[in-house]
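A structural walkthrough
Here's the letter readout for the chains.
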There are 2 protein chains.
Amino acid sequence: MQRIIWTAVAAFALSLAIGPFIVKWLRKMKMGGKEYDLGPQSHLAKQGTPIMGGIIFFGTMVVLPLIMHAPGYTWRFVPETVVCILGFGAIGFTDDYIKIKLKRHEGLSPKQKLLPQIALSIVLAVWSYHTAGSRFIVPFSGAEWDLGLLYIPVMAFILVAVVNSANLLDGCDGLLAGCSILDFAAFIPILAVLNLDGGDNLMLTAAVSAGALMAFLCFNTYPAKVFMGDSGSFAIGGSIAAIAMCSGLSLILPIICLAMMLSSLSDIIQISYFKITHGKRIFRMAPLQHHFELSGMPETQVVNMYRIATAILCLMTVAGFLK
Amino acid sequence: MQRIIWTAVAAFALSLAIGPFIVKWLRKMKMGGKEYDLGPQSHLAKQGTPIMGGIIFFGTMVVLPLIMHAPGYTWRFVPETVVCILGFGAIGFTDDYIKIKLKRHEGLSPKQKLLPQIALSIVLAVWSYHTAGSRFIVPFSGAEWDLGLLYIPVMAFILVAVVNSANLLDGCDGLLAGCSILDFAAFIPILAVLNLDGGDNLMLTAAVSAGALMAFLCFNTYPAKVFMGDSGSFAIGGSIAAIAMCSGLSLILPIICLAMMLSSLSDIIQISYFKITHGKRIFRMAPLQHHFELSGMPETQVVNMYRIATAILCLMTVAGFLK
């Protein structure tokens, strides 16, 4: 456990050290994003803030678990997590890069983003079916749930859902980074209690992700100097999804990642309702976090509310796994 | 450990439930503080924000550890912690009350605040000498350091220092609350590893304090709806000092409470230097957090920097106690 904590501290130090150079470089390359037309009015002040800041933690998240791997210890789950983070992060990176370089406001089209995500998710789900097995741990019950071959489509769906939900939660300064630090932190005691074969490697990935994101927060706290962009949000989603996939802990995601899930759900509800009613809206704006902002809550307080709620949900989930 | 987490959640729920009523009541009673003349200019916008919001968590911090005490379990350390939090909190409350009711800008005079603090600290130090013993745990070494009778003046000094340092760190939205949640959270795994007789009761106090402060943050995040006032900062200082005193963990305070210590030290250095040089200043403003603000860092980023630094220091301290 000592090694896990020191790894988090190392990830923090590394990302904090490279952060200022990356911010300076992104600014020099004019990698500023146009504030999304569909965001709240108050966000227009953010125009010109560089996107693609996710590379501050993306590299650390992929490389450091390999470096800090204890000599002689099993490599179980390491390839899957690395491919998952790297793969989804690369899709996000491509999107950011196109947005900036080709000055195409929208980056990849929804289909161009979704198809490689689905392909990667199916590959990962099949891989995990053979290495981690087809069981889900049912939280708060001690039971396990064997899905058999059904595991593959279900797990692929979860991977796509988590990555896109993380992407949708991004949009307020320090929101996705803050909430996901808590998610990663929650995985560590749960994995310690479960004591799975290869669980140490997943704890290492969680610790690196949390530490690197703590450094990123130093650049992303309101008023943000840099946004993570899709490079960041996809890598975060990939890391959370990879840990859940390998450990069989996917069923805790609707609890600890409730914030992300609500962003997705509110988006789906808003669009469906709009289509059905030919133009009516349920939320002032979707995803949900912008609804709160447009209801008059300052961005900093929305972010705090999400973080505190996530912290409480994580605490309760951890308590459910302790004896 | 499950009971500890659920207690934190209960403290959060209780404080969150009473919070809106207290904020409304403080506003109705016109318990708004005049922004301190000596604070940064940018803080003038905060004028009229109610102070004394610390009562949102002060009551919970004192009462809930008594209610959640496990039946049949030892009451060791419970009276000391309750007296410490209640005593220091009461001194802070008196100060806030005088500020508001008598419209005396300064509240109690420094001497009127310090004398009861010193008296209370000596009583607590003597009490703790007889119940907890005269030993300090030396962090990262496994050694213990027996001070004998010298324990009493040293411990009394530590109590006064912690409470006043907590008071000095208060002054930016979410700063003291955010940092001290992390301090309380750090105590819990350390106490779990030490496995002291009565350690469970200290963990309970730490959990209640952290949970109640998480609720307070929902009202105190930038732009704050309420300030904790001295009622709050003295209660927080009292709770941290009580846990450290009873557990013998006082020597970790300069690490996990570095933010507070820097506030005190910068204040002392600034005043001494000013006196020696007849009018020169080292910091743009003391305590240190205002120096960063006047150097051009937004308040929200100063708060984030302090929190992240505290989190890393807490992680390293916890790692030092793990096997």
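Presented here is a report on the structure given in the accompanying data block. (Residues numbered from 1 in each chain as written. Chains lettered and ligands numbered in written order. Predicted model: local features only at pLDDT ≥ 70, side-chain atom pairs only at ≥ 80, totals over all residues. Heavy atoms only, no water.)

Comments concerning the overall build of chain A
Inclusion rule: By the criteria applied, helices consist of DSSP H or I runs no shorter than four residues and strands consist of E runs no shorter than two, each listed in order from the N terminus. For a compact globule the rule gives 2.2 Å times the number of residues to the power 0.38, and the radius of gyration it is set against comes from C-alpha atoms. Remark: exposure states derive from per-residue accessible area (1.4 Å probe, protein chains only) relative to the maximum for the residue type, with buried under 20%, exposed over 50%, and partly exposed in between. What makes two residues a contact is simply this: any of their non-hydrogen atoms within 4.5 Å. Accessible areas in this description were obtained via Shrake-Rupley with a 1.4 Å probe; residue shielding takes into account the shown protein chains only. Within this scheme the basic residues Lys and Arg register as positive and the acidic residues Asp and Glu register as negative, but His and the chain ends are omitted. To locate a charge, the coordinates of NZ of Lys, CZ of Arg, CG of Asp or CD of Glu are taken.
The number of helices and strands found in chain A is twelve helices and two strands. The linear arrangement of helices and strands in chain A, starting from the amino end, is α-α-α-α-β-β-α-α-α-α-α-α-α-α. For chain A, whose C-alpha radius of gyration is 19 Å, the value lies close to the compact-globule estimate of 20 Å for 323 residues. Split into buried and exposed, the 323 residues of chain A put 57% on the buried side. Across chain A, every contact between residues at least 6 apart in sequence was considered, and the portion connecting residues at least 24 apart equals 75%. When the accessible surface of chain A is split by element, carbon and sulfur atoms take 68% of a total near 13300 Å². A distance of 8 Å separates the average location of the 22 positive side-chain charges in chain A from that of its 17 negative side-chain charges.

Some thoughts on the packing of aromatic side chains
Residue and element names in this part refer to chain A. As a reminder, the rule being used: Between 30 and 60 degrees the pair is tilted, below 30 it is stacked and above 60 it is edge-to-face, where a pair is any two Phe, Tyr or Trp rings, Trp via its six-membered ring, whose centres lie within 6.5 Å.
Inspection of every chain in the model, using the stated rule, returns ten aromatic pairs over all chains. With 6.0 Å between their ring centres and 20 degrees between their planes, Phe-93 and Tyr-97 make a pair best called stacked. On the criterion of helical spacing, the pair formed by Phe-93 and Tyr-97 is a turn pair, its members being four residues apart in helix α3 (residues 78-101). In textbook terms, an aromatic cluster arises when at least three aromatic residues are bridged by ring pairs, as seen for Tyr-129, Phe-136 and Tyr-151.

Let's talk about the environment of Ser-247 of chain A
Residues and elements named next belong to chain A. Note the following rule: A 3.5 Å cut-off defines polar contacts: any pair of N or O atoms within that distance qualifies, except that in protein one atom must be a possible hydrogen donor and the other a possible acceptor, and neighbouring residues in sequence count only when both atoms are side-chain atoms.
Considering the arrangement of structural elements, one finds Ser-247 in helix α8 (residues 229-247). Since its relative accessible area comes to 5%, Ser-247 is described here as buried. For the pair formed by Ser-247 and Leu-202, sequence separation is 45 residues and the distance between their alpha carbons is 7.8 Å. With residues up to four places along the chain from it excluded, the contact list for Ser-247 reads Ile-137, Leu-191, Leu-196 and Leu-202. A distance of 3.3 Å separates a polar side-chain atom of Ser-247 from the backbone nitrogen of Leu-249.

Quick notes on the interface of chain B and chain A
Filter applied, for reference: Salt bridge, as used here, is a side-chain nitrogen of Lys or Arg placed within 4 Å of a carboxyl oxygen of Asp or Glu.
Across the boundary between the two partners, chain B contributes 28 residues, which contact 28 residues of chain A. Counting across the chain B and chain A interface gives zero salt bridges. Of all elements in the fold, only α1 (2-28), α7 (199-220) and α12 (299-321) of chain B reach the threshold of two or more residues within the side of chain B that touches chain A.

Observations regarding the pattern of salt bridges
Residues and elements named next belong to chain B. Tallied over the full model, the rule gives 18 salt bridges over all chains. For Lys-46, the salt bridge identified is with Glu-299, shortest N-O distance 2.8 Å. With a gap of 253 residues between them, Lys-46 in the loop between α1 and α2 (55-67) and Glu-299 in helix α12 connect regions that are remote in the sequence. Take Lys-46 and Glu-299: they sit in the same class, and that class is buried. We note a salt bridge from Asp-230 to Lys-99, for which the minimum N-O separation is 3.9 Å. Taken together, the positions of Asp-230 in helix α8 (residues 229-247) and Lys-99 in helix α3 (residues 78-101) put the pair 131 residues apart, joining distant regions of the chain. A relative accessible area of 7% places Asp-230 in the buried class. On the accessibility criterion, Lys-99 (25% relative accessible area) is partly exposed.

Things to note about helix α12 (residues 299-321) of chain A
Spacing of three or four residues puts side chains on the same side of an α-helix, whose turn is 3.6 residues. Going by this rule: Helix span, as expected, comes to 1.5 Å for every residue beyond the first.
Given a rise of 1.5 Å per residue, 23 residues ought to cover 33 Å, and the 33 Å separating the end C-alpha atoms of α12 of chain A matches this to within 8%. Most of α12 of chain A sits out of view: 18 of its 23 residues are buried.

Brief notes about the relation of the copies chain B and chain A
Applicable threshold: For this overlay, a least-squares fit was computed on C-alpha atoms, restricted to residues scoring pLDDT of at least 70 in both copies.
Each copy superposes on the other: chain B lies on chain A with an RMSD of 0.0 Å after a rotation of 180 degrees and an axial shift of 0.0 Å. Such a combination of rotation and displacement between the chain copies is what one expects of a two-fold axis. When each C-alpha of chain B is compared by its distance to the rotation axis, Thr-300 of chain B comes out closest, at 4.2 Å. The fraction of interface residues of chain B whose copies in chain A are also interface residues reaches 100%, indicating that both copies meet through the same surface.

Focus on the state of the cysteines
We count it as follows: The disulfide criterion used throughout: a pair of cysteine sulfur atoms within 2.5 Å.
If you walk through the whole model with that rule in mind, you get zero disulfides over all chains. With no disulfide of its own, Cys-246 of chain A lies closest to Cys-84 of chain A among cysteine sulfurs, the gap being 7.8 Å. There is no disulfide at Cys-172 of chain B, and the cysteine sulfur nearest it, in Cys-179 of chain B, is 10 Å away. With a relative accessible area of 4%, Cys-172 of chain B lands in the buried category.

Focus: the packing of α2 of chain B against α8 of chain B
All names here are of chain B. Operational definition: Axis definition: a line fitted to C-alpha atoms, over the contacting stretch in the case of helices. Angles run 0 to 180 degrees between N-to-C directions. Orientation categories follow fixed angle ranges, with anything under 35 degrees roughly parallel, anything over 145 roughly antiparallel, 65 to 115 roughly perpendicular, and all other angles oblique. For any pair of crossing helices, the crossing counts as left-handed if the nearer helix is rotated counterclockwise from the farther one by less than a right angle, and right-handed if it is rotated clockwise. The residue classification treats Ala, Val, Leu, Ile, Met, Phe, Trp, Tyr, Cys and Pro as nonpolar and Asp, Glu, Lys and Arg as charged. All others, Gly included, are polar.
Here α2 crosses α8 at 30 degrees, and the two axes come no closer than 9 Å. Judged by the angle between their axes, α2 and α8 are roughly parallel. Handedness of the α2/α8 crossing: left-handed. Counting all contacts with α2, which are made through Phe-57, Phe-58 and Met-61, the residues of α8 involved are Gly-232, Ala-235, Ile-236 and Ser-239. Partitioning the contact of α2 with α8 into residue classes produces five nonpolar, two polar and no charged.

A look at the packing of helix α4 (residues 110-131) of chain A against helix α5 (residues 151-169) of chain A
Residues and elements named next belong to chain A. For the pair α4 and α5, interaxial distance at closest approach is 8 Å and the crossing angle is 135 degrees. On the basis of their axis angle, the class for α4 and α5 is oblique. The chirality of how α4 crosses α5 is right-handed. Contacts between α4 and α5 involve Lys-113, Leu-114, Gln-117, Ile-118, Ser-121, Ile-122, Leu-124, Ala-125, Val-126, Ser-128 and Tyr-129 from the former and Tyr-151, Ile-152, Met-155, Ala-156, Leu-159, Val-160, Asn-164 and Asn-167 from the latter. Classifying every residue of the contact of α4 with α5 by side-chain character gives 13 nonpolar, five polar and one charged.

Thoughts on the side chain of Asn-220 of chain A
All names here are of chain A. Position of Asn-220 among the secondary structure elements: in helix α7 (residues 199-220). Given the relative accessible area of 5%, Asn-220 is considered buried. From its side chain, Asn-220 meets the backbone nitrogen of Gly-174 in a polar contact 2.9 Å long. Contact partners of Asn-220, with chain neighbours within four places excluded, come to Asp-173, Gly-174, Val-226 and Phe-227.

Brief notes about unusual backbone geometry
Trans is the common state for peptide bonds, and a negative phi is the common state for residues other than glycine. Geometrically, the link from Tyr-222 of chain A to Pro-223 of chain A is a cis peptide bond, its omega value of -10 degrees lying close to zero. By the element assignment, Pro-223 of chain A lies in the loop between α7 and α8. A cis geometry characterises the amide bond from Ala-286 of chain B onward to Pro-287 of chain B, with omega recorded as -5 degrees. Relative to the helices and strands, Pro-287 of chain B resides in the loop between α10 (258-276) and α11 (288-294). Its identity is not glycine, yet His-278 of chain A carries a phi of approximately 55 degrees, on the positive side.

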